[in-house]
Amino acid sequence: MKSRFVNKVLSSALALTLAVTILPGCKRVTADVVENKIEYHFANHNAGLAYGEIEVRTAEPGKYQLYWGDDRGNKLTYNGVSFTELTNITTTESDLTATYKILSEYTVIPQDADKLMLLDSESNTICTYDIPEEKKFSEGTVSYQFGLMSDVHYNRYKDFSADDSVPAFNNALKFINDQGIDFLGLTGDLSSHGEKEAFTKFKTAMDKYPKMTVYTCMGNHDVSGINDFNKYVNTKKTTDKNIKNINSNGVDFVYEKQGDIFIFFSQTKWSYNSKYSQLLEKQQLNWLEKNLNTYANKNVYLFFHSYFALENGDVTNAVGNLKNPGGYTYDLTYTFGNDDEKRFRNLLNKYPNVTMFNGHSHWAYDQQKYNPNLNIGNINGKKSGASIVHLASVSAPRTIEKDSAQRDENNGKLSQGTVALRYKNSTVYLSTDFIAGKYMAEASYICYDGKKGTPIPAIKTGTSKIKSLGKVKKISKKSKKYKVLVKYKKVTSAYKYEIQYSTSKKFKAGKTKTRRTNKTKYTITKLKNKKTYYIRVRAYRYQFGERVYGKWSKVKRLKIKKK
């Protein structure tokens, strides 16, 4: 009787086991337990975008890892460099299912990724998920690569002789060079406080790679050393045929690579969190606006050190910053609503063909757990303006514990940057762990090119013509000085007119006075007797914040000769 009961139970168990369906690509760990399974719920149908939720069910409780895999079932690599795990998964006896949500909607399914692989604690592949053909990366081949780094900060971490930034930056440069990358861009903060020693250290590091082009803007820690910065940093720019424009300050310039435009735009002031604080000069913004217009029909990468708040002023959810549950957030933020910030923001909203890189906060890429937008996003919530990409520090990527009020600098422990892959219509940003020598799968993104525009042609202002000089009269009965009324022809679209009068035929400085008015006549006063004056007029209007002058009128000669 007992024997018949046992046989019946065994037969039922066997039948149940055979009835279990095994999903394609998944392996059973044992024949009599629940199968391992990966389900991927994509948030959209866009090829190459990983955004969505991944549900994992395991046959046994334990710690697991998800990796991108190639068509042979190996962990994915790019150019010989491995990707880190996409995430770690833990299941328990009470719950053999775990769900992982991709944090950023920009997260990329990398080139050549064919499947998602579930590995156990001994690195055995126990289950795979085949990425649907329509979701695989489909941007074509890489046109070129470039490196991205920020916040080297020589001399800030340890003393000058044991500077943690030296080995960190040297190691990162070696990685970039080994990848065959010949162009590297940085968003500033090479120094601790603008000291010459930092800039010479940077030059020494660069000199080891003479075939690599390395350019950077200035960050807030560099601004006090602008003269040494110009002397030792970006030394190639004066002879580089790919440099298209250099601002008069020497630190803002335009570089072109394979038809794409790279603008290095330096903040020249350290002034944060004040109603009157500014990071930029008005002339700089004029220069930037003019160049953004010139290259409105191209793909533009803009390097600038500090990050922008969201359009409502929130800095804690902006690209480049965060707030942990303990309430800590980075303090030196670009002051929202100040004149230079507003104008800069308006330009970024106007030109969607721009991608801006920032640094400043140092936050490590994995800190996106506190802000899914930390590493990549847009200048506005509608995603109709410039894209923005945050760069972690190459020397000290900061992290913070969940409930801590004190950040960890991690100098000597972490070193991060980005390798950018340029495709025909997009750029992929592979966040890079330089110490491990790997690309970070959870923080690698794709950004599609923004809409390009048509450059506005340079405007012209017409030539002025003096119609008449009035009678010379005394300013008053008792005065010994004279006045004269100048009338001139109206110039179409003129904003104002500039009148110059001088005792020098060549209008030399010190002997020349300039006056401005929006009227077509002006009374020159305080003229001296027995003096000869030379008078001329020109009209001007504005474009890109700068005056556009017309030609000077013919000079009128006036001799004051009164008894």
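Residues numbered from 1 in each chain as written. Predicted model: local features only at pLDDT ≥ 70, side-chain atom pairs only at ≥ 80, totals over all residues. Heavy atoms only, no water.

Caption draft 1: Structural context of the nonpolar core. One finds Ile54, Trp68 and Phe169 to be the most contacted residues of the largest nonpolar core, which totals 64 residues. When residues no more than four places from it in sequence are discounted, the contact partners of Phe169 are Met149, Val152, Tyr154, Leu186, Phe202, Ala205, Met206 and Val394. (Core = buried A, V, L, I, M, F, W, Y, C linked by side-chain atoms within 4.5 Å. Buried < 20%, exposed > 50% of the residue type's maximum accessible area, 1.4 Å probe, protein only. Contact = heavy atoms within 4.5 Å.)

Caption draft 2: Seen up close, the environment of Asp260. Residue placement: Asp260 occurs in strand 15 (residues 260-264). Classification of Asp260 by relative accessible area gives buried; the value is 7%. C-alpha separation for the pair Asp260 and Lys37, spaced 223 residues apart in sequence, amounts to 44 Å. Filtering out sequence-adjacent residues up to four positions away, Asp260 remains in contact with Tyr144, Tyr255, Asn299, Tyr301 and Arg422. (Helix = DSSP H or I, 4+ residues; strand = E, 2+ residues; numbered from the N terminus.)

Caption draft 3: Main features of the pattern of salt bridges. Within this structure, the stated rule accounts for 25 salt bridges. We note a salt bridge from Lys257 to Asp182, for which the minimum N-O separation is 3.1 Å. Here Lys257 is found in strand 14 (residues 253-257), whereas its partner Asp182 is found in the loop between helix 2 (165-178) and strand 11 (183-186), with 75 residues between them in sequence. Classification of Asp182 as partly exposed rests on a relative accessible area of 38%. Note that Arg345 and Glu341 form a salt bridge whose closest N and O atoms lie 2.6 Å from each other. Residue Arg345 and its partner Glu341 are both found in helix 6 (residues 339-350); the two are separated by 4 residues, about one turn of the helix. Like Glu341, Arg345 is buried. Put simply, Asp114, Lys115, Asp130, Glu133 and Lys136 are held in one network by salt bridges that share partners. (Salt bridge = Lys/Arg side-chain N within 4 Å of Asp/Glu carboxyl O.)

Caption draft 4: Up close: the confidence of the model for the protein chain. On average, residues of the protein chain score 93 in pLDDT, and 94% of them are at 70 or above. Contacts for the low-pLDDT stretch residues 1-33, under 50 throughout, to residues beyond four places or in other chains number 24 contacts. (pLDDT = per-residue confidence, 0-100.)

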